[in-house]
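Descriptive structure summary
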Amino acid sequence: MKIAIITDQHFGARKNSKLFHDYFLKFYEDVFFPTLEKEGITTVIDMGDTFDSRKGIDFAALTWAKDNYYDRLRGMTVHTVVGNHTAYYKNTNDINAVDLLLREYDNVKIYAETQDVKLGDTKVLFVPWINNENEEETFKKVKKSNCKVVMGHLELNGFQATAGHVMEHGMATTPFDRFEKVYSGHYHCRSIQEPVYYLGNPYEMFWGDVNDTERGFHVWDTDTFEHTPVNNPYRLHHIVYYKDTDYQLFDARELENKIVKVIVRQKSDITKFEKFIDKLYAANVAELKVVENFAIQEAEEFEAFESEDTISVLNRYIEEAEIKLDKSRVQKVLQEIYQEACELV
């Protein structure tokens, strides 16, 4: 039996930006649903963070999610694990967005507590977001489980959470080492440390995701335990390097409705540069940022590389700083602040 595994969809992200949701929709219309039909898939596993904000829902975002996703899944079985973004409180999963918002869908099953579920002939242990209230009971169930496979929303040490940031203050992988396969959402980058597989989210959401082509969802075989990635071919963020580039020869058509960053390496003629920028605007880019100077005045010995995204620069700056604080904790705080700031844009 083949099933689809998808995670960290973040419906309503970026303040329910139409630009982002139009981009999301291309993935669902051109990749996700056609693959379900082609493979004859009738079961979908959602491993958490289905909606973006734990505090509330934009009505337009909810309508978008129902019209473009949940209504199209009627007739299929959807198993949904509660993630940290869908749990209202940080210390309990009792009040959560997926339970409150999706009650009209009889085919959507919500898991706020750790539970065995049979998929085909295979029993899978679903593990939702682990917090202070459920931690002890969760690990009791993990220890006693006779399942061979775990699927959940886990914050484990040693995995790349986002580009340039490795989690060092999560949980140890030890309780899960005895399982044959452990699949998790939460981190948006794909990464593997057997038997744990972080499957990554379906699409770009921040500049740190640029050029990461390993995004999409997975088809999992309940008999062989093999998972096959189905990648999302669509990009939203683009970096353009300007080095006295001839604006007449530059093809800007693929940048329509894209978020573009122009990194200036050489600009000898200001008039030609302005015509180059005008051509980008004429191509109807969604957003345009020009970067000409990466100098950081506070640390003369620190050099930021022109291709680095913001969070990578911040993480490396902390790593190279002479401070006595726990650097990984500082990096985690900066990452959270950065993502919150992105939501305000």
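Residues numbered from 1 in each chain as written. Predicted model: local features only at pLDDT ≥ 70, side-chain atom pairs only at ≥ 80, totals over all residues. Heavy atoms only, no water.

1. Here's the deal with the sheet that holds strand S13 (residues 216–221)
Applicable threshold: Strand pairing is defined by DSSP finding a minimum of two bridges between the two strands. Each helix is a run of DSSP H or I of at least 4 residues and each strand a run of E of at least 2, with the numbering of both proceeding from the N terminus. Angles here are taken between N-to-C directions and fall from 0 to 180 degrees, while the axes themselves are lines fitted to C-alpha atoms, restricted in helices to the stretch in contact. Only heavy atoms enter the contact rule, under which two residues are in contact if any of them lie within 4.5 Å.
Pairing is mixed across the open sheet formed by six strands, whose spatial order is S4-S3-S2-S1-S13-S14. Looking at which strands have only one partner, the edges of the open sheet turn out to be strand S4 (108–111) and strand S14 (227–231). Each strand axis lies, on average, 25° off the axis of its neighbour in the sheet, ignoring direction. Two elements, strand S2 (residues 43–46) and strand S3 (residues 77–81), share four bridges in a ladder whose sense is parallel. Its bridge partner being in S3, Asp-46 is matched across the sheet by Thr-80. Across the sheet, helix H2 (residues 18–39) touches strand S1 (2–6), S2, S13 and S14, and the angle it forms with S13 is around 10°.

2. Quick notes on the layout of surface pockets
To keep things clear, this is the line we draw: Both site types are read off a 1 Å grid over the protein atoms alone. A 1.4 Å probe that fits but cannot get out defines a cavity, while an open set with protein on both sides within 12 Å along at least five of seven lines defines a pocket; lining residues have an atom within 4 Å of a point. Grid points are joined across faces, edges and corners, and a volume is the space filled by probe spheres set on the points. Residues are sorted three ways: Asp, Glu, Lys and Arg are charged, Ala, Val, Leu, Ile, Met, Phe, Trp, Tyr, Cys and Pro are nonpolar, and all the rest, Gly among them, are polar.
Taken as a whole, the largest pocket holds about 1300 Å³ of empty space. Lining the largest pocket we find 50 residues, and of these Arg-54, Asn-84, His-85, Glu-336 and Gln-339 sit closest to its centre. Residue classes in the lining of the largest pocket are distributed as 16 nonpolar, 20 polar and 14 charged.

3. A short note on the packing of aromatic side chains
Inclusion rule: When two rings of Phe, Tyr or Trp (its six-membered ring) have centres within 6.5 Å they constitute a pair, described as stacked for plane angles under 30 degrees, edge-to-face for angles over 60, and tilted for the intermediate range. Residue burial is assigned from relative accessible area. The probe radius is 1.4 Å, only protein chains are included, and a residue is buried under 20% of its type maximum, exposed over 50%, and partly exposed in between.
Inspection of the entire model under this criterion finds 33 aromatic pairs. Ring centres of Tyr-28 and Phe-32 lie 5.7 Å apart, and the angle between their planes is 80°; this geometry places the pair in the edge-to-face category. Placement of the pair is Tyr-28 and Phe-32 together in helix H2, with a separation of four residues, close to one helical turn. Both residues of the pair, Tyr-28 and Phe-32, count as buried. Centroid distance Tyr-28 to Tyr-203: 6.0 Å. Interplanar angle 70°. Geometry classified as edge-to-face. Pair noted here: Tyr-28 is in helix H2 and Tyr-203 is in the loop between strand S12 (196–198) and S13, with a separation of 175 residues, a long-range link. With respect to class, Tyr-28 is no different from Tyr-203; both count as buried.

4. A look at the side chain of Asn-107
Put simply, the test is: Between N or O atoms, a polar contact is any pair within 3.5 Å; within protein, one atom must be a potential hydrogen donor and the other a potential acceptor, and residues adjacent in sequence are included only when both atoms are from side chains.
Tracing the backbone through its elements, the reader meets Asn-107 in the loop between helix H4 (97–101) and S4. Looking at Asn-107, its side chain comes within polar contact range of the main-chain oxygen of Leu-73, at 3.0 Å. From its side chain, Asn-107 meets the backbone oxygen of Met-76 in a polar contact 2.9 Å long. For Asn-107, the residues in contact, after removing those within four places along its chain, are Leu-73, Arg-74, Gly-75, Met-76, Thr-77 and Val-78.

5. Quick look at the nonpolar core
Cut-off, in case you're wondering: We define the nonpolar core as a collection of buried residues of types Ala, Val, Leu, Ile, Met, Phe, Trp, Tyr and Cys that are connected through side-chain atoms lying within 4.5 Å of one another.
In terms of nonpolar packing, the biggest core is built from 48 residues, with Tyr-28, Phe-32, Leu-36, Phe-51, Tyr-69 and Phe-217 touching the most fellow members. Looking at this core, the element that brings in the most residues is H2, giving ten residues. If near-sequence neighbours (up to four positions away) are discounted, Tyr-69 is found in contact with Ile-6, Gln-9, Phe-11, Tyr-28, Phe-32, Phe-33, Val-44 and Trp-64.

6. A short note on the pairing of strand S10 (residues 181–185)
Burial runs high along S10: five of the five residues are buried. Side chains Lys-181, Tyr-183 and Gly-185 of S10 all project onto a buried face; the interleaved residues Val-182 and Ser-184 project onto the opposite face, where all are buried too. Sheet topology note: the strand S7 (residues 149–153)/S10 ladder contains five bridges and is parallel. Each bridged residue has a counterpart across the sheet, and for Met-151 the counterpart in S10 is Tyr-183. Looking at chain direction, S10 and S12 are connected through three bridges and run parallel. Paired with Ser-184 across the bridge in S12 is Tyr-198.

7. A few points about the environment of Pro-195
Following the sequence through the fold, Pro-195 ends up in the loop between strand S11 (191–193) and S12. By relative accessible area, which is 8% here, Pro-195 ends up buried. Pro-195 sits 146 residues away from Ala-341 along the chain, and the two C-alpha atoms are 35 Å apart. Those residues in contact with Pro-195 that lie beyond four places of it in its chain are Phe-176, Asp-177, Phe-179, Glu-180, Lys-181 and Val-182.

8. Looking at the packing of H2 against helix H3 (residues 59–70)
Rules: Here the word oblique covers every angle except those under 35 degrees (roughly parallel), over 145 (roughly antiparallel) and from 65 to 115 (roughly perpendicular). Helix crossings fall into two classes, left-handed where the near helix is turned counterclockwise from the far one by less than a right angle and right-handed where it is turned clockwise.
Two elements in contact, H2 and H3, have axes whose closest approach is 11 Å; the angle formed by their N-to-C orientations is 15°. With respect to H3, the axis of H2 lies roughly parallel. Considering only the axes of H2 and H3, their crossing is right-handed. Across from His-21, Phe-24, Leu-25, Tyr-28, Phe-32 and Phe-33 in H2, the residues of H3 making contact are Trp-64, Asn-68 and Tyr-69. Counted by class, the contact of H2 with H3 contains seven nonpolar, two polar and no charged residues.

9. Looking at the environment of Glu-29
Tracing the chain through its elements places Glu-29 in helix H2. Glu-29 sits in the partly exposed class, given a relative accessible area of 42%. Put simply, Glu-29 and Leu-314 are 285 residues apart on the chain and 36 Å apart in space, counted from C-alpha to C-alpha. Contact partners of Glu-29, with chain neighbours within four places excluded, come to Pro-34 and Arg-72.

So, to be careful, I would describe these as geometric facts and stop short of saying anything about function.
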